[in-house]
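Inside the fold
For reference, the chains in residue letters:
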Amino acid sequence: MGKMEIALAAIAEAIVWTDTTGAIQWCNPAFDRLVAHPHHTLLGRFLQDVLLLAPADSRPSPVEQVLRRHVKVKGIYELQRTNGHRTVELLGTPLAPKGDRAQASESGGVFTIHDITERA
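It should be emphasised that the depicted structure is a prediction, and the values quoted were computed from it without experimental measurement.

1. Here we look at unusual backbone geometry
Not every positive phi belongs to a glycine, and alanine 36 is a case in point at roughly 60°. The topology assignment puts alanine 36 in the loop between α2 (29-35) and α3 (47-50). Take alanine 36: its relative accessible area is 45%, and that puts it in the partly exposed class.

2. Observations concerning the pattern of salt bridges
Pairing of side chains with opposite charge becomes possible as their charged atoms draw close. Under the defined criterion, the tally for this structure stands at three salt bridges. Its salt-bridge partner being aspartate 115, residue arginine 86 comes within 2.9 Å of it at the nearest N-O pair. One end of the pair, arginine 86, is in strand β4 (residues 84-94); the other, aspartate 115, is in strand β5 (residues 108-115), with 29 residues separating them in the sequence. In this structure arginine 86 comes out as partly exposed when scored by relative accessible area, which is 23%. Judged by its relative accessible area of 30%, aspartate 115 falls in the partly exposed class. A salt bridge links glutamate 118 to arginine 86, with the nearest nitrogen and oxygen atoms 4.0 Å apart. Note that glutamate 118 is positioned in the segment after β5 and arginine 86 in strand β4, a separation of 32 residues in sequence. Overall, glutamate 118 belongs to the exposed group, its relative accessible area being 71%. The structure contains a network of salt bridges with shared partners spanning Arg86, Asp115 and Glu118.

3. Re the pairing of strand β2 (residues 24-27)
Relative to β2, strand β1 (residues 14-19) runs antiparallel, the two being bridged by three bridges. Opposite threonine 18, over in β2, you have isoleucine 24 as the bridge partner. Counting the residues in the hairpin turn of β1 and β2 gives four residues, including glycine 22, whose phi is positive at 95°.

4. Notes on the packing of aromatic side chains
Taken as a whole and assessed by the stated rule, the structure comprises one aromatic pair. Here the aromatic rings of tryptophan 17 and tryptophan 26 are separated by 4.8 Å at their centres, their planes lie at 25°, and the arrangement is stacked. What makes tryptophan 26 buried here is its relative accessible area of 13%.

About the cut-offs
Residues numbered from 1 in each chain as written. Predicted model: local features only at pLDDT ≥ 70, side-chain atom pairs only at ≥ 80, totals over all residues. Heavy atoms only, no water. Helix = DSSP H or I, 4+ residues; strand = E, 2+ residues; numbered from the N terminus. Buried < 20%, exposed > 50% of the residue type's maximum accessible area, 1.4 Å probe, protein only. Salt bridge = Lys/Arg side-chain N within 4 Å of Asp/Glu carboxyl O. Pairing = 2+ DSSP bridges. Phe/Tyr/Trp six-rings, centres within 6.5 Å; stacked < 30°, edge-to-face > 60°.

Put into structure tokens, the structure is as follows:
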């Protein structure tokens, strides 16, 4: 494990990044705990299948907005889990700069999720 992975593993905030289809390419232990799934079961799965966010309205999910529209998304969402709901603040950022179509087709998104249940 490299220094960067060790540093990201030490962060309490959940971090996950995906490819352009939304398949999880990497996540830290805080993400594993947040979604209550063992790490080895997450890689390659679609983010929207494990990060179950209650829909706020009829807009596309924040994951879809980042991956399909290549825009930055920030918001408060209800995370649905088998053992109850959590309130989370999600920040999603495309891995390619807005307007860079060549890189956008080969990148994905990075998402940070902060559990704010106790504050909400």
